[in-house]
Every structure is written in C-alpha cells, then in structure tokens.
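A look at the structure
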Amino acid sequence: IGEKLAEIPDGALVIIDGERGDILVRPDEVTLAGYREKIKHQEERKAYYAELAPLPAVTTDGVRVELCANIGNHMDVDAALTYGAEGVGLFRSEFVFMGKQDIPTEDDQFKAYKEAVEKCGGKICVIRTMDIGGDKPLPYLNIDPEENPFLGYRALRISLDRHDLFLPQIKAILRAGLYGKAAMMVPMVISVSEIQRVQKLVEQAKVELAHEGKEYSDDVQVGIMVETPAAAVVSPLLAPYVDFFSIGTNDLIQYTLAVDRGNAQIAHLYNPFNPAVLRLIRRTIKSAREAGIWAGMCGEMASDPYAAVLLLGMGISELSMSAPSIPRVKEMIRSVTMEQAKQLLDDVMKMEHGVDIRAYMHKTLEASDAS
Ligand code: PEP
Ligand code: MG
C-alpha cells in the first residue's frame, strides 16, 4: 500500500483480507461482525476440507486432475500432504541456495532434495533448478546490477553459463531420484537450443556420477517451465525434447502483458484471464497433448478455482499450488463435468476482456463456489 501505510494511526484496529486484497482501517461494528462471521465460516469449512483431503480431484464424469503443492523446502511436504497434495509440482530450489554464505555443495543439495523426495513417498517431486535473478537475488554470485533484472541474467541463463553451479545441482537431483519419484524442471526457457544444452549436461552429470562411483536414478523426468511467451509460442517445437511442461503463470503473465508482477500500481492489468494469456496457455497444453507428454501449471493461477475449470477444459493434467489452496480447487473440480468445462472454455474464448471472463465464470459457477 506504499505511502498510505503512514496514514494508518498507531494502535488502530485493522482487518487484512488476504483473499480480496483489502485492508480495512478502524472497521465499523457491522463490518467487524461480518468478518467474525466469515472467520467462523472458514473454521467450519476446515473440517469439511479435511474430509476432502483423501479424495481425488475428479470431475463428476470421471476426468482426473492431479493436485500438487508448491514448496520451498522439505519441511513443507508434511503440511502439503495433509491438505491432500498428490505430490510436489514445484520445489523452488533457490531456497536451498538462499540465506547461505556460499554455493551449497552437491552433497548439501542432495540431502535437501532426498528429504523432499522421500517425504513424497513415491508421489512425484518436481525440483526446479536454480531460479536466481529477477526477483530472487543471491549476493554471493556477485551478479552486476542490471537495468532490467527480469529480462536479464537469470535462472537457466546463469545455469547454462556456470557449469560449476549447474552440474552439482543436476547430480544432486539425479541422486535424490533413487529415493522416490523425482523430476527435474528448468526455468525461463525460450528456445530448443537451451534444452539441448540441458540434455547434454544431464548426460555429462550421469557420466561423472558413474566415474565417481555414486548411484543415481535413470528415471528422473526432465521438463521445462513454460513461463515466457517464446516458450508458449514454440511449445510444439519444445515438446519432443522434454517429458513435461509446467506453465509458470506468475512470469508468463508479466512477460505476455508487459506488466511487472510486483508493481502494485498496475496490478489491475495483471489478469490471468486476459485473452492473450489464455491463448498462450491453451496452445501450450495442446502442444503437450499432441506430443504425448503431460502439461501442468505451477503458477498462482492454478490456485484459482475458476481458472482450474478452464484449464480442465483445455486438458491440463496437473495443477500445483500453495497447499492451503488445494481443497477449494478440488471442491470445484469435483462439482463440474468435463463437458461443462469445455463449454465454458468455448464461451470465454469468444470474449474480449479478462474482467468479463472472470465475471462470467463467477456468475456461471457461483452455485458450486463454496467460498
Ligand atoms: C512462475 O513464474 O509462475 C513460477 C511458478 O515461478 P516463480 O513464481 O518462482 O517465478
Ligand atoms: Mg517464474
């Protein structure tokens, strides 16, 4: 809220509504009573959501979507499983690199990934390789300040440049793969040549591990995040090279709409239902299906129950989100049919404005929206 924060008097009672993005200063009695009611309602729903946890996310006509969790470290896995996560769709490995004085060793990383993979107990655990730069700085890498860090030296661009960083990470993931179902995912891809270079490095990592006498898994899936418009546009070219796509809408939206994801002043333009964004997502999922690989989503959009219905209609296989969002998305998926989802998708793809699309989804699905 920027400067407005200073206008809030000391000691004032404030309601922060994280769901709507509202801050209410010194609310009147009626508003307060309304929010007390809302809190009570949420508490009641918790019990209901707990009952949902072991049930699959399946439409009433039998189409199943896998619901996974986004995590920052292995400790998050237990909580994710209690919310009903069917695995980890995004382990942001940069948290293993942050808060340290130096680059974590292969063994340090192996321990962190192994714990997460083990805790997943045979369910998938997608480990994203280092996504440093942009909004995630790492002081010990000594990256020069940039005018446009989001368009700069970040993520895969650093990894492909710095084999001393990337090879130990690949090796750690391959070794962790022995303890469950690990997958490796690279961020910020824009071209086929990047994937080819990743594949060569994966092969090199395997050769080095074999030489070093370290055991590793040969079954680790290698996939990419589709989070640049370039990747979505060339998704038919990328698909033959990978085992899966995971759509990273947090970045995909900002790059497609040229709207900084952290700029509150233009937050109203940052709309997942924007027709340009929907078209890129639909194209990506179609490319995956045609190539016989799975497509998931690990950006925040996956946690929106209305978006989940449209993604279902597009043929998505997996949705990964912050664990507390899982029950609401599951509830929504379990309340619709695939036919309904496809019809809604058809309807909204004819519409011109993102805000209208969201409103239309709300109006149509209101009856099944529990929130
Ligand atoms: C994304 O860009 O959608 C994503 C999941 O990655 P991050 O938010 O870490 O950039
Ligand atoms: Mg991203």
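The following paragraphs examine the structure supplied in this document. Model, not experiment: these values are computed from the prediction. (Residues numbered from 1 in each chain as written. Chains lettered and ligands numbered in written order. Predicted model: local features only at pLDDT ≥ 70, side-chain atom pairs only at ≥ 80, totals over all residues. Heavy atoms only, no water.)

1. Considerations on helix α12 (residues 305-314)
The criterion, for reference: Relative accessible area decides the class of each residue, using a 1.4 Å probe on protein chains only: under 20% of the type maximum gives buried, over 50% gives exposed, and in between gives partly exposed. The helix count covers DSSP runs of H or I at least four residues long, the strand count covers runs of E at least two residues long, and both are numbered beginning at the N terminus. Distance and chemistry together define a polar contact, namely a pair of N or O atoms within 3.5 Å, with one atom able to donate a hydrogen and the other to accept it when in protein, and with adjacent residues in sequence counting only for side-chain atoms on both sides.
Taking burial as the measure, the ten residues of α12 include ten buried ones, the bulk of the element. Among the residues of α12, those classed as buried are Pro305, Tyr306, Ala307, Ala308, Val309, Leu310, Leu311, Leu312, Gly313 and Met314. The distance from a side-chain oxygen at the start of α12 to the backbone nitrogen of Tyr306 is 2.8 Å, and the residue carrying that oxygen is Asp304. Where α12 terminates, the next one or two residues include Gly315, which has phi positive at roughly 100°.

2. Digging into the site of ligand 1
What counts is decided by this rule: Note on terminology: near, applied to a residue and a molecule or strand, indicates that one of the residue's heavy atoms is within 4 Å of it. Accessible surface is estimated by sampling points in the Shrake-Rupley manner with a 1.4 Å probe; for residues, cover comes only from the protein chains shown. In this count, Pro and Cys sit with the nonpolar residues alongside Ala, Val, Leu, Ile, Met, Phe, Trp and Tyr, while Asp, Glu, Lys and Arg are called charged and the others, Gly among them, polar.
Around ligand 1, 14 residues are found, and the nearest of them are Arg92, Arg128, Gly248, Asn250 and Arg261. One of the side-chain nitrogen or oxygen atoms of Arg128 is found 2.9 Å away from an oxygen atom of ligand 1. Relative to its unbound accessible surface of 290 Å², ligand 1 loses 99% to contact with the protein. Element by element, the count of residues in the shell around ligand 1 is highest for helix α10 (residues 249-257), at three residues. For the shell around ligand 1, a count of residues per class yields three nonpolar, four polar and seven charged.

3. A closer look at the coordination of the magnesium ion (ligand 2)
Note the following rule: Counted as donors are the N, O and S atoms within 2.8 Å of the metal, or 3.2 Å for Na, K and Ca, while water is not among the atoms, so some sites may look incomplete.
Donor atoms from the polypeptide that bind the magnesium ion (ligand 2) are Glu227 (OE) and Asp251 (OD), placed at 2.0 to 2.1 Å. With Glu227 in the loop between β8 (221-226) and α8 (229-233) and Asp251 in helix α10, this pair connects stretches of sequence that are 24 residues apart. Asp251 carries the same exposure label as Glu227, and that label is buried.

4. Comments concerning the environment of Gln265
Here Gln265 shows up in the loop between α10 and α11 (275-291). Taking the relative accessible area as the measure of exposure, Gln265 reaches 69% and is therefore exposed.

5. Details of the packing of α11 against α12
Two measures define how a pair of helices packs: the angle their axes make with one another and the distance between the axes. Rules: In this description, a line fitted to the C-alpha atoms serves as the axis of each element, helices being fitted only across the stretch in contact, and the angle between N-to-C directions of two axes falls anywhere from 0 to 180 degrees. In what follows, roughly perpendicular refers to angles from 65 to 115 degrees, roughly parallel to angles under 35, roughly antiparallel to angles over 145, and oblique to any angle outside these ranges. Less than a right angle of anticlockwise turn of the near helix away from the far helix marks a crossing as left-handed, whereas a clockwise turn marks it as right-handed. We call two residues contacting when some pair of their heavy atoms lies within 4.5 Å.
Interhelical geometry of α11 versus α12 gives an angle of 40° and a closest axis separation of 9 Å. Comparing their axes, α12 and α11 come out oblique. Relative to α12, the crossing made by α11 is right-handed. For the pair formed by α11 and α12, the contact residues are Leu278, Ile281, Arg282, Ile285 and Arg289 on the first element and Leu310, Leu311 and Met314 on the second. Looking at the contact of α11 with α12, its residues break down into six nonpolar, no polar and two charged.

6. Let's talk about the environment of Lys181
Inspection of the secondary structure assignment puts Lys181 in strand β7 (residues 181-186). In this structure the C-alpha to C-alpha distance between Lys181 and Gln221, which are 40 residues apart in sequence, comes to 8.8 Å. Apart from residues lying up to four places away in sequence, Lys181 is in contact with Val117, Gly122, Lys123, Ile124 and Cys125.

7. What to know about the nonpolar core
The line we're drawing: By convention a nonpolar core is built from buried Ala, Val, Leu, Ile, Met, Phe, Trp, Tyr and Cys residues, the set being connected through side-chain atoms within 4.5 Å.
Tyr113, Phe245, Ile281 and Leu319 are the most contacted members of the largest nonpolar core, which has 99 residues in total. Ignoring any residue separated from it by four or fewer positions in sequence, one finds Ile281 in contact with Ile247, Thr249, Leu252, Met297, Met301, Leu311 and Met314. Among the nonpolar cores identified, the runner-up in size contains nine residues, and Cys68, Val126, Met185 and Met225 belong to it.

8. Topic: the packing of aromatic side chains
Put simply, the rule reads: Planes of paired rings set the category: under 30 degrees apart is stacked, over 60 is edge-to-face and the rest tilted, where pairs are Phe, Tyr or Trp rings (Trp by its six-membered ring) whose centres lie within 6.5 Å. Comment: the charge-over-ring label is applied if NZ (Lys) or CZ (Arg) is within 6 Å of the ring centre and within 35 degrees of the ring normal.
All chains considered together, the criterion is met by four aromatic pairs. Look at Phe244 and Trp294: their rings are 4.5 Å apart centre to centre, the planes differ by 10°, and that puts the pair in the stacked class. Placement of the pair is Phe244 in strand β9 (residues 244-247) and Trp294 in strand β10 (residues 294-297), with a sequence separation of 50 residues. Above the face of the Tyr179 ring, Lys114 is positioned so that its terminal group lies 4.8 Å from the ring centre.

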